[in-house]
Each structure stands twice: as C-alpha cells, then as structure tokens.
Amino acid sequence: MKPLDPRLIRHARAARGYMILTAALGVAMSVAVVFQAMVVARVIGTLASGGRTGPGWLPRSLIMVAAIVAVRIGVAWAQERFAHRAAISTIAQLRGAVLRHVVALGPRFEAEGGAAKAAQLATRGLDALDAYFARYLPQLGMVVTVTPILLVVAGFVDWLSAVIMFLTVPLIPVFMVLIGRLTEAYSARRLRAMTHLGAQVMDLITGLPTLKALGREKGPAARVRELSQAHQKATFATVRIAFLSGAALELIATLSVALVAVSVGLRLQAGRMSLVSGLAIIMIAPEIYLPLRNVGAHFHASASGVAASNRAFDLLSLPLPEVGRLPAPDLSRAAVVFDAVSVRPPGRDYEAPAGLSFRLEPGSLTALSGPNGAGKSTAVSVLLGLTRPDRGRVLVEPADGGPAVDLSDADLAGWWDQIAWVPQRPVLLPGTVLENLLESYDQPGLGAEVPAALAAAAAAAGFDTVVDELPEGWQTRIGQGGVGLSVGQRQRLALARAFRRNKPLVILDEPTAHLDPATEAAILDSIALLHRQGRTVLLVAHRPALLGRADREVPVRSAAAPAGSAGSADQTGPAASAGRTGGAPFAVSAASAGRMGAAASAGLADESGPAASAGRTGAAASADSTDENGPAAPAGRTGAAP
C-alpha cells in the first residue's frame, strides 16, 4: 500500500488543503517539542547542578513550559478537528464521483452486478477512509516534518546520539513495509468478503417478496451464513496481524530509545557530556520515534479505507462511452425508427430484443408486446439512450425531410428533455405528495396552494381523487419508494407527472401491472387522454386491455446470438451526460438529484444479481395496496430484460 496515493489528492480537493495544513502543523509541533525539551532540560539541569538563578527565574520557566504544553495541545486539537473535516469532505467527494460514474456507465454495468458492489463501496467501504484521514495521515505528516527536524536539532545538541537515531529510525519503516504487504492482502480479502456479502444481501432483500411467495425464502440463508463467516475470518486475521505488527514496531522503537539512553548515561557518568544536553537528548529521542510508531499503529486501521479507495479509483478509471453532440430533433415532429436493433445481455448467449424494427410516428400510440425476457424494457432503455444496441441502430427522422440523426450521436440532454418516462416502479422520494409531483424537495415555498395547471394534471391522471382520500391531502408525507401509497396510487402519481411535464413523447412501462380492474380502467382512460392530447405514447404491455388501446402492436422477440458476437461493456449508457442533463426523462428531475443521492446506495442494487431479478418481478406484487382486490398479476409480468 502506498503511504499516500496521489490519486486521492487528484480526485479529492479537500485532501490537498489538508496535506498542506498537516505539514504546517507538523512544523509547529516540532518547534514546540524542541522548546519544551530545551526549557525543561535547562531547568532540571540548573537545579540539579546548583547553578545560579535570578529572582523569579523558576516561575518564569514553569510558565514557559506550561505555554509550550498548551501550544502542543492546541496543535493536536487542530490536527484532530481538521482531520475529521477533511475525511468527511473527501469521502463525500469520492462517493459522489463513484455514484456519478456508475450512473454514467449505464444499465449494462448494473446488469453485470457492478452496481450492487459499487453501492457497498460507496457506503461502508469508503467510510473506512475516516481512520486513514483522522489517524494515519496526520502521523504520516509528522513523520515527514517532525522526525527530520528533531534529528537535525539532536545533531546540534549531540552528534553521536543523532547518528544512533539516524541509523535506527529506518528500521521501523523497513518492518512496516514487510508487515504492510501482508496486511494489505488481508485487508483486500476482508473488503472483498464484505462487498460480496453486502451485494448478495441487498439482492436477497430486493427479491425477498418473490422468494417468499415461492416458499424459498430460507434457501439463501446458508450462503449468507457462509459469506458472513468468511468476512469474520478475514476481519480477525487482519486484527491478529495488527496486534503482532504493533508489538514488533513498539519493540524496535523501545530498543532504539534504550540505545540512545545507554549512550547518554555512560557519557554523563564519564563526564564527557553536560547534564542539560543529556536531558534534552533523552526527551527528544522518544519524540523522534513517536510519529513512526503511531504510523505503524494506525496503518492497519486505515488499510481497509485505502483498499476501498483503490477499488473506487479502479471503478473511476473504467472508460465511459462517447457522448453525442448533435442537437436532438424535435420529437413532436420527428419519427423514431428502430432499425434491426439487437442487444445481447451480459454473459448470455442470446439477444433480447433480437432484430427489433418498427417506426414510432408522432402522435401515435404504440405497444411493445412479447413474452417475459423478450427485451421490451431493454428496448425502452435503448430508446432512452441508456443502452446502446450491439447491432442495429435507432434513427430520428425529422418530418421536414432533413437528415436523420442516429440516437448515439444526439445530445442526450436535449433528448431527455422531450421525454416523460413512467417506469414500472416510479422513483418517489421521502417528502410530501406535492413535492413528489413537482419533483422539488425541501422547498420552503411549497405551501398548501396548488397551481391550477398542477391540479389539471392531477385530474387528467385521476390522481385528484387519490389526493382527496389522503389524510392531509397534498401535504401528506410519503416514504422512500412511495411508502404510504398503494401501487395504483403510485402509478397515478407517476402519470400525473407525465401530464404536468407535457413532453411530446411519453413512455409507459407496464403501467397497469399488479392493479385491480377498476384502477386499471382509470389508468387506461388517462393513457387515452395522453394520446388525444397529441402526445406520442409508447407502451410496454402484456394485458389485452392495454394492448387493445394501441394503434399498433409491435411484437418483441429474443433469439440466439450470432456466432462470434458478444455484448460489449463499453457500449453502455450516456456517459458523462448525467452530469450535464439538467433533467432526465425519469419521473424525477435534476432538482431532486441531491435527495436521490441519499437513496442511491439502495437504488444502485435494485436490478443487479440473481436475486434482484426476482425483486424486479415481485416487488410490486408484495406492496400493500388498496387497489389490488383483483387477481394478482403473474410474477414476472414486468417486461424486464433478463
């Protein structure tokens, strides 16, 4: 493990200023140590030798010693305070960078299981950096500043003692390197076990409703227990190495100080050294070794954080796909053409969808149909620009006869600004119903007054009747994911968002799944109203009632992948456009990005890993809903790609 990874300084602005401050505090501590040693040595030496002292000399000396001690306490307090502040800022910056990069890598990275591991890394993994900043880095700064300065001062006081210390000081770093290599392996093993355990537990929790419905909720217990035991063994192995290495470093430092003390004692007895100089060297010597001893003691506490930061930097080094720069055509006057689009899921030997071709005309109502796993939701992801096809392309043809624009070349910020997307599980954040509909959170100006346009959007989606039934109306607070609302009420809220945003293209992914007939009829009426308003509507549908409302039904199928083809991880997502969109087509906007970041550690793992696929199919079925009096929709009726 590197004592200081330069990537940490490069990625975290807070770490740069902190390193400068650490160096300055180290110099201040060195000066205080030298003054304290000299003053105390002179006081004790003068008193012991019976030297002459003037009136008030002793009180002044004691006051000086007290002042120096106060300075040392103040420097130590400043180191602790600013170390924790730098740790918090650096962790927040790294966590934000990891989350933005994961979002930019797109759904393919998530499907490969990277999102769940990134969620663990961004939460518990990076939290371990606190020990690195609060304990390890301050002592490392002291080693760079205090130890050399005190060695130089010791050389002026007694050159022989300085030589002894100069020869013994390197022994501690040498043993630290030898022990550190072993510790690094144990820390990396512990981080891998923790990340694997956390990712599987998150996947299990996500898919638990479906596993319970199938009577298999106890099956993964053995695997979770096995991973937990592996994490326990790795942790105890790291602790064992930490204790042993700490004892070894303490022994080396103690023996080194003893060598200096013996040399000073023999020369004092022989009369070849003054008492003041001997006392000063005896007090300076432990201070020279102390930063090295502390670095060794805190090295193991920080090893986990450094291993996590290395994982974060490895993730941040993953290349992002190229971003289109061409202006997105106006979707109210442009047709979207799928030209033999095929997407191969990561690690699979088939394509879903396979050779999908259709034309989405402005103002049309089109439905994508097909069996589970055929790739309907993947086709939606391709249309949103979140997934790039392995074969084929998506073209946008302006109605005025201008040149067609390949979606991969279009600016996704302008593309998303024209789309309202209602996914199977709308993104709802903790707050009031009004805040979620406006996608504006923690705004003091949001009172009980509801704008007329907003009330009209709610009425068009049938959400006004839902608001009338809520205990506090628009000010009713809901939890993460819409806790407090039934599944049907959440769908109506998401549709009300689509009406409010008034975008030319509306994408509805299974809007009536898991709903009773009455609620389904209300949702169908809202969809018909969207169509009558001239919007282009794309449905992902299974139910006959929903398919019957479409102008055109497009069958989606999967097929075996051609020989030699393979899904490419570099063809994912919208790259850095996430940072410059100003509003994605999800049913949330950039105004809610900060609140979304708080929930991102859970959201990153929503659709990753084997258990998560069960969660995608059964999460809605397990919701507590007053609208679910009818027969439950079959598990798996989500249209999600495998």
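Look above for the structure.
A quick note: this is a predicted structure, and the numbers were derived from the prediction, not measured.

Undergrad: Got a minute to help me understand helix α16 (residues 487-501) in this structure?
TA: Working note: α-helix, 3.6 residues per turn, so residues spaced by three or four point in the same direction. With 15 residues, α16 extends 21 Å from end C-alpha to end C-alpha; this agrees with the ideal 21 Å at 1.5 Å per step. A large share of α16 lies buried, amounting to 14 of its 15 residues. At the exit of α16 stands N502, carrying a positive phi of roughly 55°.

Undergrad: Looking at this structure, I do not really get the environment of Q418. What am I missing?
TA: Relative to the helices and strands, Q418 resides in the loop between α12 (412-416) and β7 (419-422). Residues Q418 and S332 lie 86 residues apart in sequence; the distance between their C-alpha atoms is 8.6 Å. When residues no more than four places from it in sequence are discounted, the contact partners of Q418 are A328, P329, D330, L331, K503, P504 and L505. Among the polar contacts made by the side chain of Q418, one reaches the main-chain carbonyl oxygen of P329 at a distance of 2.9 Å.

Undergrad: Can you walk me through the pattern of salt bridges in this structure?
TA: As enumerated under the stated definition, the model contains 11 salt bridges in all. Its salt-bridge partner being D330, residue R333 comes within 3.3 Å of it at the nearest N-O pair. Residue classification places R333 among the exposed residues on the basis of a relative accessible area of 56%. Between R549 and D525 there is a salt bridge whose closest N-O contact spans 3.7 Å. Taken together, the positions of R549 in the loop between α18 (544-548) and β12 (552-555) and D525 in helix α17 (residues 517-532) put the pair 24 residues apart, joining distant regions of the chain. The class for D525 is partly exposed, based on a relative accessible area of 46%. Salt bridges here are not isolated pairs; linked through shared partners, they connect R359, E361 and E397.

Undergrad: Would you mind going over the sheet that holds strand β6 (residues 405-406) with me for this structure?
TA: One key point about sheets: their strands pair by backbone hydrogen bonds, in either a parallel or an antiparallel sense. Taken together, the 4 strands give an open sheet; going across it, the order is β3-β1-β5-β6, and neighbouring strands pair in antiparallel fashion. Looking at which strands have only one partner, the edges of the open sheet turn out to be β3 (356-360) and β6. One ladder, built from 7 bridges, connects strand β1 (residues 334-342) with strand β5 (residues 391-398); its direction is antiparallel. Residue pairing in the sheet places A335 in a bridge with E397 of β5. Contacts from helix α11 (residues 376-383) reach β1, β3 and β5, with the element oriented near 125° to β1.

Undergrad: What's the story with helix α7 (residues 159-168) in this structure? I'm lost.
TA: For α7, every residue scored as buried is listed here: S161, A162, I164, M165 and T168. The arc that holds the buried residues of α7, viewed along the axis, is 160°, so those residues lie on one side. Summarising the geometry of α7, the exposed residues directed more than 90 degrees from the buried face are W159, F166 and L167.

Undergrad: Can you help me understand the pairing of β7 in this one?
TA: A regular strand places its side chains so that they alternate between the two faces of the sheet. Of the two faces of β7, both are covered, the one formed by I419 and W421 as well as the one formed by A420 and V422. Examined bridge by bridge, β7 and strand β10 (residues 505-509) share 4 bridges and lie parallel to one another. Across the sheet, residue V422 finds its bridge partner in β10, namely L508.

Undergrad: When you look at the side chain of T145 in this model, what are you seeing that I'm missing?
TA: Counting through the fold element by element, T145 comes out in helix α6 (residues 129-157). In this structure T145 touches A23, G26, V27 and S30, once residues within four positions along its chain are discounted.

Undergrad: Explain the environment of A457 here, please?
TA: Relative to the assigned elements, A457 resides in helix α14 (residues 452-460). Expressed as a C-alpha distance, the spacing of A457 and F499, which sit 42 residues apart in the sequence, is 5.1 Å. Filtering out sequence-adjacent residues up to four positions away, A457 remains in contact with A496, F499 and R500.

Undergrad: Teacher, can you tell me more about the packing of α6 against α7 here?
TA: The interhelical angle for the contact between α6 and α7, taken along N-to-C directions, is 145°, at an axis separation of 6 Å. Residues L151, A154, G155 and V157 of α6 touch α7, and the partners they reach there are W159, A162, M165 and F166. When its residues are assigned to classes, the contact of α6 with α7 shows 7 nonpolar, 1 polar and no charged.

Undergrad: Please clarify how the sheet that holds β7 should be interpreted in this entry.
TA: Spatial ordering of the open sheet is given by β7-β10-β11-β4-β12, a layout of 5 strands whose pairing is parallel. The open sheet is flanked by β7 and β12, the only strands paired with a single partner. Taking each pair of neighbouring strands and ignoring which way they run, the sheet shows an average axis angle of 15°. Note: strand β4 (residues 365-369) against strand β11 (residues 536-540), 4 bridges, orientation parallel. By the bridge assignment for β11, T366 is matched with L538. Each of β4, β7, β10 and β11 touches α11; the most contacted strand, β10, lies at about 155° to it. Across the sheet, α17 is in contact with β4, β10 and β11; its angle to β11 comes to roughly 150°.

Reading guide: rules and limits
- Residues numbered from 1 in each chain as written.
- Predicted model: local features only at pLDDT ≥ 70, side-chain atom pairs only at ≥ 80, totals over all residues.
- Heavy atoms only, no water.
- Helix = DSSP H or I, 4+ residues; strand = E, 2+ residues; numbered from the N terminus.
- Expected span 1.5 Å × (residues − 1).
- Buried < 20%, exposed > 50% of the residue type's maximum accessible area, 1.4 Å probe, protein only.
- Contact = heavy atoms within 4.5 Å.
- Polar contact = N/O pair within 3.5 Å; in protein donor to acceptor, adjacent residues only side chain to side chain.
- Salt bridge = Lys/Arg side-chain N within 4 Å of Asp/Glu carboxyl O.
- Pairing = 2+ DSSP bridges.
- Axes fitted to C-alpha atoms, helices over the stretch in contact; angles between N-to-C directions.
- Arc of directions from axis to C-beta.
- Nonpolar A, V, L, I, M, F, W, Y, C, P; charged D, E, K, R; others polar.

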